[in-house]
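Fold and geometry: a report
Listed here are the chains, written in short residue letters.
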Amino acid sequence: MSVSTAALDSSVCAPLPVLGQDVTVPLVTGGEVTYAALDYAASAPALQRVWDDVAAYAPYYGSVHRGAGYLSQLSTDLFENSRRTVAEFLGCRADDQVVFTRSTTDSLNLLAAAIPAGCQVFVYETEHHASLLPWRDAQVTYLNAPRTPGQAVETLERALADRDPYGPALVCVTGASNVTGELWPVKELAAAAHAHGARIVLDAAQLAPHHPVDIAELDVDWVAFSGHKLYAPFGSGVLAGRADWLQAAEPYLAGGGASRKVARRADGGVDVDWHTTAARHEAGSPNVIGVYSIASACKALTEAGFDTLVAREQELVRRVREGLAEVPEVQVLSLFGDDAPRVGVISFVVRGWNSSHFAAALSAEYGIGVRDGLFCAHPLVRTLLGSDPQDPGECGAPEAEPGERSLNAIRVSFGAGTPDEHIERFLRAVSELVRQGAQWKYRTEDGRCVPDRGEAARTV
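This section reports on the structure supplied with the text. (Residues numbered from 1 in each chain as written. Predicted model: local features only at pLDDT ≥ 70, side-chain atom pairs only at ≥ 80, totals over all residues. Heavy atoms only, no water.)

**Details of the state of the cysteines**
Under the defined criterion, the tally for this structure stands at zero disulfides. No disulfide involves Cys-172; its nearest neighbouring cysteine sulfur is the one of Cys-119, lying 11 Å away. (Disulfide = S-S within 2.5 Å.)

**Overview of the sheet that holds strand 7 (residues 169-174)**
Ordered in space as 4-10-9-8-7-5-6, the seven strands form an open sheet in which the pairing is mixed. The open sheet has two free edges, formed respectively by strand 4 (97-101) and strand 6 (139-143), since each of these has just one partner strand. Sheet twist, expressed as the mean angle between neighbouring strand axes with direction ignored, is 20 degrees. The sheet contact formed by strand 7 and strand 8 (residues 199-203) spans five bridges and is parallel. Considered in strand 8, the bridge of Cys-172 is made with Val-201. Relative to strand 4, helix 2 (residues 70-90) is tilted by about 115 degrees, and along the sheet it contacts strand 4, strand 9 (222-226) and strand 10 (237-241). Strand contacts of helix 3 (residues 104-114): strand 4, strand 7, strand 8, strand 9 and strand 10, with the helix running at about 150 degrees to strand 9, the strand carrying the most contacts. (Pairing = 2+ DSSP bridges. Helix = DSSP H or I, 4+ residues; strand = E, 2+ residues; numbered from the N terminus. Axes fitted to C-alpha atoms, helices over the stretch in contact; angles between N-to-C directions. Contact = heavy atoms within 4.5 Å.)

**Considering the pattern of salt bridges**
Scanning the entire structure with this criterion turns up 22 salt bridges. A salt bridge links Glu-182 to Arg-342, with the nearest nitrogen and oxygen atoms 3.9 Å apart. Linking Glu-182 in the loop between strand 7 and helix 6 (186-195) with Arg-342 in the loop between strand 13 (330-332) and strand 14 (345-350), this pair joins segments that are 160 residues apart in sequence. Residue Asp-273 is joined to Arg-260 by a salt bridge in which the shortest nitrogen-to-oxygen separation is 3.3 Å. Within this pair, whereas Asp-273 is found in strand 12 (residues 270-274), its partner Arg-260 is found in strand 11 (residues 259-264), the two being separated by 13 residues in sequence. (Salt bridge = Lys/Arg side-chain N within 4 Å of Asp/Glu carboxyl O.)

**Remarks on unusual backbone geometry**
A positive phi is found at Phe-375, a non-glycine position, where the angle reads about 60 degrees. Residue position: Phe-375 is located in the loop between strand 16 (371-373) and helix 12 (378-385). One non-glycine residue, Asp-446, adopts positive backbone phi at about 55 degrees. Relative to the assigned elements, Asp-446 resides in the loop between strand 18 (442-445) and strand 19 (448-451).

**Points about the pairing of strand 9**
Counting buried residues in strand 9 gives five out of five residues, a clear majority hidden from the surface. Side chains of strand 9 alternate between two faces, with Trp-222, Ala-224 and Ser-226 and Val-223 and Phe-225 buried alike. Where strand 8 meets strand 9, three bridges bridge the pair, whose relative direction is parallel. Bridge assignment links Asp-203 to a residue of strand 9, and that residue is Ala-224. Taken together, the five bridges between strand 9 and strand 10 define a ladder with antiparallel strand orientation. Across the sheet, the residue bridging to Val-223 is Ala-240, located in strand 10. (Buried < 20%, exposed > 50% of the residue type's maximum accessible area, 1.4 Å probe, protein only.)

**Things to note about the packing of aromatic side chains**
If you walk through the whole model with that rule in mind, you get 11 aromatic pairs. On the basis of an interplanar angle of 75 degrees and a centroid distance of 6.0 Å, the ring pair of Tyr-40 and Tyr-231 is categorised as edge-to-face. Here Tyr-40 is found in the loop between strand 3 (36-37) and helix 1 (48-57), whereas its partner Tyr-231 is found in the loop between strand 9 and strand 10, with 191 residues between them in sequence. On the basis of relative accessibility, which here comes to 0%, the residue Tyr-231 falls in the buried class. Each ring, one from Trp-353 and one from Phe-358, has its centre 4.9 Å from the other, and the planes form 85 degrees; the classification is edge-to-face. Phe-358 carries the same exposure label as Trp-353, and that label is buried. (Phe/Tyr/Trp six-rings, centres within 6.5 Å; stacked < 30°, edge-to-face > 60°.)

**Focus on the sheet that holds strand 16**
With antiparallel pairing, four strands are arranged side by side in an open sheet as 13-14-17-16. What marks the edges here is a single partner per strand, and that holds for strand 13 and strand 16. Sheet twist, expressed as the mean angle between neighbouring strand axes with direction ignored, is 30 degrees. The strands that helix 10 (residues 306-325) touches are strand 13, strand 14 and strand 17 (409-413); relative to strand 14, the one it contacts most, it runs at about 10 degrees.

**Focus on the side chain of Arg-83**
Looking at the element boundaries, Arg-83 is found in helix 2. Side-chain polar atoms of Arg-83 contact the backbone oxygen of Val-98, separated by 2.6 Å. Other than its neighbours up to four places away in sequence, Arg-83 contacts Val-98, Val-99, Phe-100, Ala-278 and Glu-282. (Polar contact = N/O pair within 3.5 Å; in protein donor to acceptor, adjacent residues only side chain to side chain.)

**Brief notes about helix 3**
Counting buried residues in helix 3 gives eight out of 11 residues, a clear majority hidden from the surface. What helix 3 keeps buried is the set Thr-104, Asp-106, Ser-107, Leu-108, Leu-110, Leu-111, Ala-112 and Ala-114. At the N-terminal end of helix 3, a side-chain oxygen is found 3.4 Å from the backbone nitrogen of Thr-105, two or three residues along, and the residue is Ser-103.

**So, the environment of Glu-365**
Following the sequence through the fold, Glu-365 ends up in helix 11 (residues 355-366). Along the backbone, Glu-365 and Leu-335 are 30 residues apart, and their C-alpha atoms lie at a distance of 31 Å. Residues in contact with Glu-365, not counting those within four places in the same chain, are Leu-27, Val-28, Thr-29, Leu-433, Ala-438, Gln-439, Trp-440 and Tyr-442. At 3.4 Å, the side chain of Glu-365 forms a polar contact with the backbone nitrogen of Trp-440.

The structure is reproduced here in structure tokens:
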């Protein structure tokens, strides 16, 4: 593969400043290099703007909804203003609620706890485990992986046509795959769901950081996403959408904040009057800084011009896909084919390499951080690899030794803060590793492929 030394065409806009962009890491072959963070799909680096906003607020931190003091009132205003900022970012309808959670996983588990009795849930096997697994108390229909967007809609329509037409139903679907990065036909799936009397929740964990999400325009009933993928640290998430099921359900957590009034009964018991607002599912002292960081990230992306950020990311996607296509040994994983629109998430395998070995070499010899494994989407990755469901290999803990057939994949992911140089270095590293092999020997330790630190391990 001939990797151009010229910079990518980033005339559209410059990458947004993020934390860690100047961090250097040691190479096993000697020396140091600036770390290339290409694992955005797991956790994106925090925007510098977000960090600065949080640092400015931190001295004024106080408990929300609890105190009469100045800092408590300031923090309460900041918390509730953050809710409004997120609602605007998502294009929420006037009567939608924004509930703050810990993560996408937490958001979808909250919704799973709030669905009406007898609800039928429809979910594709292609989902991340966060949206595949929470529906344990529901009647779940798992849909086979579609091979085109049209087939995704047709599969859902057939399944919904066979359901009990009188009971509640919910469809759960991703907006952008955390494995292939491919965009799903969310608006069309929402129309199909509503035509059959079902509701739909959008897992936007991988969509929201890369592409505008508008609840009203997509006509989805709920959206869930995580702050740590949206360039915001501190462990907060969002569930936004229709209020009725959430208001009718028992609180997700019972405790202070969720209760409006608590009184002892004459028989010694306790009567509780729960809130009907988002507070109903936000018991306990909330993660104010995490919530504020999400709101700050929403503002930063909006003010930077989301359409411009999308255009630059698509240029990076094009360059990575073209660069990988120049290496015959590389197979890029895809459900919908080469022409499918996608965000900056690309998974692949390399013929003759165990994926963990390849990822370890990228890190140890080039200072590039990617992800290897099954990406908490085991059924999807196994389908894409054509492997048996019972084949060994786990998310992040492959059992194969270097050189053995890979039962997992490698994922490179990037976004608004990715410099051109990181993409160029990654493509050069892939080419060199395939053509020349690794410069170091590797071994498996605690389920991970790591460099053998012994001097005799060097192969060059």
